[in-house]
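Examining the three-dimensional arrangement
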Amino acid sequence: MTPSQDEAVADILVRWQPYGRAGLLPCLIDVQNHLGWLPPDVCAQVGEVLGVPLADVYGVATFYSRLYTQPVGRRIVRVCDDVACLANGSPALLEACRTALGLAPGETSPDGLVTLEVHPCLGHCEHAPCLMVNDQVFGRLDAAAAERLARAVRAGEAPPK
Amino acid sequence: MTASADRPTWQAIPGYEAHLLRRVGQVDPTSLADYEAHGGYRALRAALEMTPAEIIEMVKASGLVGRGGAAFPTGIKWESAARQPVTPRYVVCNADESEPGTFKDRVLMEGDPFAIVEAMTIAAYAVGAEQGYIYVRGEFRAAYERLANAVAAAREAGYLGKRVLGSDFSFDIELRRGAGAYVCGEETALFESIEGKRGMPRQKPPFPTERGLFGRPTVINNVETFANVPHIVLNGPDWFRRIGPPDAPGPKLFCVSGAVERPGVYEGPMSVTLRQLVEVCGGMRPGRKIQAVLVGGAAGTFVPAEHLDTPVSFEALRAIGASLGSGAVLVVDDSVDMLEVVERITRFFAHESCGKCYPCQLGTQRQWEIVRRWQAGHHRPDDAERLQDIAHAMREASICGLGQTAASALMSVLPRMVTRFEGGNHVSASDADH
Amino acid sequence: MSQQVTLTIDGHQVTVPAGTTVLQAAETLGIEIPHLCYHPALTPPAVCRLCVVEWEGARTLVPACVAQVRDGAVVRTHSERVLRARRTILELLHSAVDLSEAPDALAYGQALGVDPQRFADGERRHFPVYEDNPFYVRDYAKCVLCWRCVEACGDDMQFTYALSLGERGFHTHIATFFDAPMPETTCVFCGNCVGVCPTGALKSLEEHLLEQGIPPEHLSAEKRRRPPLEGNRE
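As the structure is a computational prediction, the values presented were derived from the model and not from experiment.

Conventions we followed
Residues numbered from 1 in each chain as written. Chains lettered and ligands numbered in written order. Predicted model: local features only at pLDDT ≥ 70, side-chain atom pairs only at ≥ 80, totals over all residues. Heavy atoms only, no water. Helix = DSSP H or I, 4+ residues; strand = E, 2+ residues; numbered from the N terminus. Buried < 20%, exposed > 50% of the residue type's maximum accessible area, 1.4 Å probe, protein only. Contact = heavy atoms within 4.5 Å. Areas by Shrake-Rupley, 256 points an atom, 1.4 Å probe, with all protein chains shown as cover. Lys, Arg positive; Asp, Glu negative; His and termini not counted. Charge placed at Lys NZ, Arg CZ, Asp CG, Glu CD. Salt bridge = Lys/Arg side-chain N within 4 Å of Asp/Glu carboxyl O. Polar contact = N/O pair within 3.5 Å; in protein donor to acceptor, adjacent residues only side chain to side chain. Nonpolar A, V, L, I, M, F, W, Y, C, P; charged D, E, K, R; others polar. pLDDT = per-residue confidence, 0-100. Pairing = 2+ DSSP bridges. Axes fitted to C-alpha atoms, helices over the stretch in contact; angles between N-to-C directions. Phe/Tyr/Trp six-rings, centres within 6.5 Å; stacked < 30°, edge-to-face > 60°. Lys NZ or Arg CZ within 6 Å of the ring centre and 35° of its normal. Buried area = accessible area lost by both parts, 1.4 Å probe. Domains from an automatic or database assignment. Parallel < 35°, antiparallel > 145°, perpendicular 65-115°, else oblique. Left-handed = near helix turned anticlockwise from the far one by under 90°.

A word on the overall build of chain C. A tally of regular secondary structure across chain C gives seven helices and ten strands. A principal-axis box enclosing the C-alpha atoms of chain C has dimensions of 60 × 45 × 35 Å. Per-residue burial for chain C yields a buried fraction of 55% across its 234 residues. Contacts in chain C between residues at least 24 apart in sequence constitute 58% of all its contacts with a sequence separation of at least 6. Counting only carbon and sulfur atoms, one obtains 50% of the accessible surface of chain C, whose full area is about 10300 Å². Side-chain charges in chain C split into 21 positive and 30 negative, and the spacing between the mean points of these groups amounts to 4 Å.

Quick look at the structure:
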């Protein structure tokens, strides 16, 4: 971790310490927002500060699909593949992302920039088919638009609106 | 294009007045002043003039039932929590909307967040709670930010915090985010999650009103359920009962998606039929025909085209073996392979099972595997019987609603799936082992 | 004196103190209800669902290990609705887990007419055998996730908290912190987890070595070859 990351994590721990165990999930979410994932040494710190047994910290961290106990891409492309998106052509979107990113679902690019995931329903079905890049939702995409978007993400550019 | 960019994807069904969606798109969802200018916080002021018992009576008399899927009477829930001798008590808003095909709560949170905060405050006054939580699905960043802003603005203005509006009643709200777990929409799993544990459901009883969050009496309601409360307080239970059929009073949000022209959130009475909902959305895409409608999301059932004239009231849907659940109406057209759809649903449950109880932990996996094998063209003569037994075990013996409904959609199309394989592609049990 | 409750189980009336579970009440009538996760010394996690019974008026079956008796309740412990669920749960368990050293599960299966191969075309849970300490081995291919070891390690017995559950769904497994070897955890090697394990997933190293064919006279030499305990976090 860089010194500034160290400091950020320390601030997060101070913020959630008064909550004890009830601060565990928000604390892990905040830490991950800063570091991109949940490294073991930081999880151990979290457990010690909040008074949560370390095994339980791990149990919680591995329970939620948006928490990562291994490094993932700084940008996570989550393509919805659920029923509403399927009914609107999501397989073509997924294929476009695979091709443009050169990644299979679950894979991270070697430079650590992008991870591709297939995701259950994202809850934006009125905009199907959709995908998310980190926290941002992109809806009503056709394969060409998805490919443009994925190429921009891969190139480290801001996603096109 | 980003979500919510072009045309509104929410509206009342023609000929019907919007209540829950009234302010969505009409007010600045970040402005308390705008909310107040559009009738906001009148209900709380009115509520504080009443006794808590009077409010509970009103909600009971309205016939409002939970809009998250279980349809439990809201007033009875509140009364039960208020009767508990134990304090503190909690009010929790279940905003972990994760049922596939459901997005109404997100639209309310993004478009009218103060209404949720106001409604929770009324509920807290009614049941004697001083602390509330809103647990927002992790994917809903905009909704989370709008709610966080609303809570802060309400606190600043004295609508939350010590001595709300100068009364003796104090109440505040904290926000929590989910992190990718459908099961946390189950109320006791949601409590576990807030408590810093794995989001695994608890065995009920005890029910949340008795021992809920942190083991204390807790009222937990869905976002849409809360959204009804200010209207009931302002307009009275009789007004509420005049909307919709007698067995399903009040306004309802329907999430219509899939192969329709204008998918979106539509508000109307529960006397509307599935066909009307499809028509309100501009009907099917050109040249497409309805294959089936998935009512209630992944936890729901497929309703075949011949039942489209069924009203979406509880009774009418029950009569055809369906349930409105969270309000998802997902239209599948004839261009989609039903086997693909069923694969998504079974995969969903295998992915989202928490793994606590055996029927669901193992059954969701096995039913997904069997469907995947069908996709690969392999079918065993005993598949239907095996799936029916898995469905029985999950429905009857699982701890929570996830397992209890994990086979519903598949079971509703099982005969069609089996017919498809008749006459070919059988593999013997020993072949399938490999 | 505590309040008495009268209910009907399989057609027999029985009167027991309030707070008694259906499992206990059935026992007083000599009715045996299968159960795998329940252990009298531990908090019932009610996860195996083998003890489910039919409770008149209830929407679903209810777990007898935690359901408390109520006046006038009518309970059936061996109806076809119940047996079908139990049978399927055991068949599913057979398909994922090695039950060869789980005598209770095997006996229940026999009594219920379970076909252990019924779902054998499904994925099994594979794990290496962890031999990472001088006292016991962990063979999670035999683990049914009854939670007993986690509870014995935690609030119910030892207050050591070396174990939790990791992942979820079918892939749920007993986990230490980042799956660290036992000597690197808070484990104090009390052996309580081994004592309560119903399936042979946890067993003493000695027993394991004997099963591997190590002659008794070579046991101590063999045990000395195991990783020492230095590096224990505590």
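A few words on the interface of chain B and chain A. On the side of chain A, 45 residues touch chain B, which itself brings 57 residues to the contact. Inspection of the region where chain B meets chain A yields six salt bridges. Residue Arg-177 of chain B is joined to Asp-30 of chain A by a salt bridge in which the shortest nitrogen-to-oxygen separation is 3.1 Å. Counting the contacts that link chain B with chain A gives 18 residue pairs in polar contact (both at pLDDT 80 or more). Secondary structure elements with two or more residues in the side of chain B that touches chain A: α5 (104-111), β4 (172-177), α8 (187-194), β6 (252-258), β10 (328-333) and α12 (338-352) of chain B. Among the elements that take part in the side of chain B that touches chain A, α12 of chain B stands out by supplying eight residues, more than any other. Across the side of chain B that touches chain A, the residue classes tally to 25 nonpolar, 15 polar and 17 charged.

This brings us to the confidence of the model for chain B. Residues and elements named next belong to chain B. Looking at chain B, the pLDDT average stands at 94 and 96% of residues meet or exceed 70. Low confidence marks residues 1-5, where pLDDT is under 50. Its contacts with residues over four positions away, or in another chain, come to 15 contacts. The low-confidence segment residues 425-434, where pLDDT is below 50, has 20 contacts with residues more than four positions distant or belonging to other chains.

Let us look at the sheet that holds strand β5 (residues 218-222) of chain B. Residue and element names in this part refer to chain B. Spatially, the four strands line up as an open sheet ordered β4-β3-β2-β5, and their pairing is parallel. Of all strands in the sheet, those with a lone pairing partner are β4 and β5, marking the two edges. Mean inter-strand twist for the sheet, computed between neighbouring axes without regard to direction, equals 20°. Helix α6 (residues 113-127) rests against β2 (90-95), β3 (131-136), β4 and β5 of the sheet, and its axis sits at about 150° to β2.

Time to look at the pattern of salt bridges. All told, the structure shown has 61 salt bridges over all chains when counted by the stated rule. Here Glu-315 of chain B and Arg-318 of chain B are joined by a salt bridge, their closest N and O atoms 3.4 Å apart. Highlighted residues: Glu-315 of chain B and Arg-318 of chain B, both in helix α11 (residues 314-319), separated by three residues, approximately one helical turn. Since its relative accessible area comes to 45%, Glu-315 of chain B is described here as partly exposed. The salt bridge partner of Arg-76 of chain C is Glu-54 of chain C, with a shortest N-O separation of 3.7 Å. Of this pair, Arg-76 of chain C sits in strand β5 (residues 74-76) while Glu-54 of chain C sits in strand β3 (residues 52-55); the two residues are 22 residues apart in sequence, bridging distant segments of the chain. For Arg-76 of chain C, a relative accessible area of 31% corresponds to the partly exposed category. The class for Glu-54 of chain C is buried, based on a relative accessible area of 13%.

Attention shifts here to the packing of aromatic side chains. According to the stated counting rule, one finds 20 aromatic pairs over all chains in the structure shown. Centre to centre, the rings of Phe-63 of chain A and Tyr-64 of chain A are 5.1 Å apart; their planes meet at 75°, and the pair counts as edge-to-face. A single burial state applies to Phe-63 of chain A and to Tyr-64 of chain A, both of which are buried. On the numbers, 5.6 Å between centres and 85° between planes, the contact of Tyr-35 of chain B with Tyr-41 of chain B is edge-to-face. Here the two residues Tyr-35 of chain B and Tyr-41 of chain B agree in accessibility, since each one is buried. An aromatic cluster is built from Tyr-35, Tyr-41, Phe-114 and Tyr-159 of chain B, whose rings are joined through pairwise contacts. When the ring centre of Tyr-144 of chain B is taken as origin, the NZ or CZ atom of Arg-177 of chain B, which lies over that ring, is 4.8 Å away.

All names here are of chain B. Strand order across the open sheet formed by six strands is β1-β7-β6-β10-β8-β9, with mixed pairing between neighbours. In this open sheet, the two strands that pair with only one neighbour each are β1 (10-12) and β9 (301-304). Neighbour to neighbour, the strand axes of the sheet diverge by 25° on average, direction disregarded. In the packing of helix α16 (residues 408-421) onto the sheet, the strands contacted are β8 (290-295) and β9, and the crossing angle to β9 comes to about 40°.

Bring the parts together and some accessible area is lost; that lost area is often taken as the interface size. Facing 16 residues of chain A, the contacting portion of chain C comprises 14 residues. Summed over the three residues of chain A that lose the most area to chain C, namely Ala-55, Tyr-58 and Phe-63 of chain A, the buried surface amounts to 44% of that side. Our count for the contact surface shared by chain A and chain C stands at zero salt bridges. Inspection of the region where chain A meets chain C yields four residue pairs in polar contact (both at pLDDT 80 or more). With five residues, the single largest contributor to the side of chain A that touches chain C is helix α4 (residues 54-61) of chain A.

Residue and element names in this part refer to chain C. Each assigned domain of chain C is listed here: domain 1 (1-124) and domain 2 (129-224). Computed from C-alpha atoms alone, the centre-to-centre distance between domain 1 and domain 2 is 27 Å. Summing the contributions of domain 1 and of domain 2, the shared interface buries around 1500 Å²; its carbon and sulfur component is 59%. At the surface where domain 1 touches domain 2, the tally comes to two salt bridges. Among the salt bridges present, the one from Glu-101 reaches Lys-142, with a minimum N-O distance of 3.4 Å. The residue makeup of the side of domain 1 that touches domain 2, split by class, is 13 nonpolar, three polar and four charged.

This part takes up the domain arrangement of chain B. Residue and element names in this part refer to chain B. Split into domains, chain B comes out as domain 1 (10-241), domain 2 (254-333) and domain 3 (338-432). Placing the centre of domain 1 and that of domain 3 at their C-alpha centroids yields a distance of 36 Å. Listed by partner, the interface residues are twelve residues for domain 1 and eight residues for domain 3. Carbon and sulfur atoms make up 72% of the area that domain 1 and domain 3 hide from each other, which totals about 840 Å². Taken together, the connections running from domain 1 to domain 3 amount to zero salt bridges. For the pair domain 1 and domain 3, the interface holds two residue pairs in polar contact (both at pLDDT 80 or more). The residue makeup of the side of domain 1 that touches domain 3, split by class, is six nonpolar, three polar and three charged.

To continue, consider the packing of helix α14 (residues 383-397) of chain B against helix α2 (residues 80-96) of chain C. Running from amino to carboxyl end, α14 of chain B crosses α2 of chain C at an angle of 110°, the nearest separation of the two axes being 9 Å. The orientation of α14 of chain B relative to α2 of chain C falls into the category roughly perpendicular. At the point where α14 of chain B passes α2 of chain C, the crossing takes the left-handed sense. Of α2 of chain C, the residues touching α14 of chain B (which contributes Gln-388, Asp-389, Ile-390, His-392, Ala-393, Glu-396 and Ala-397 of chain B) are Arg-81, Arg-84, Ala-85, Thr-88, Ile-89 and Leu-92 of chain C. Considered class by class, the residues forming the contact of α14 of chain B with α2 of chain C number six nonpolar, three polar and four charged.

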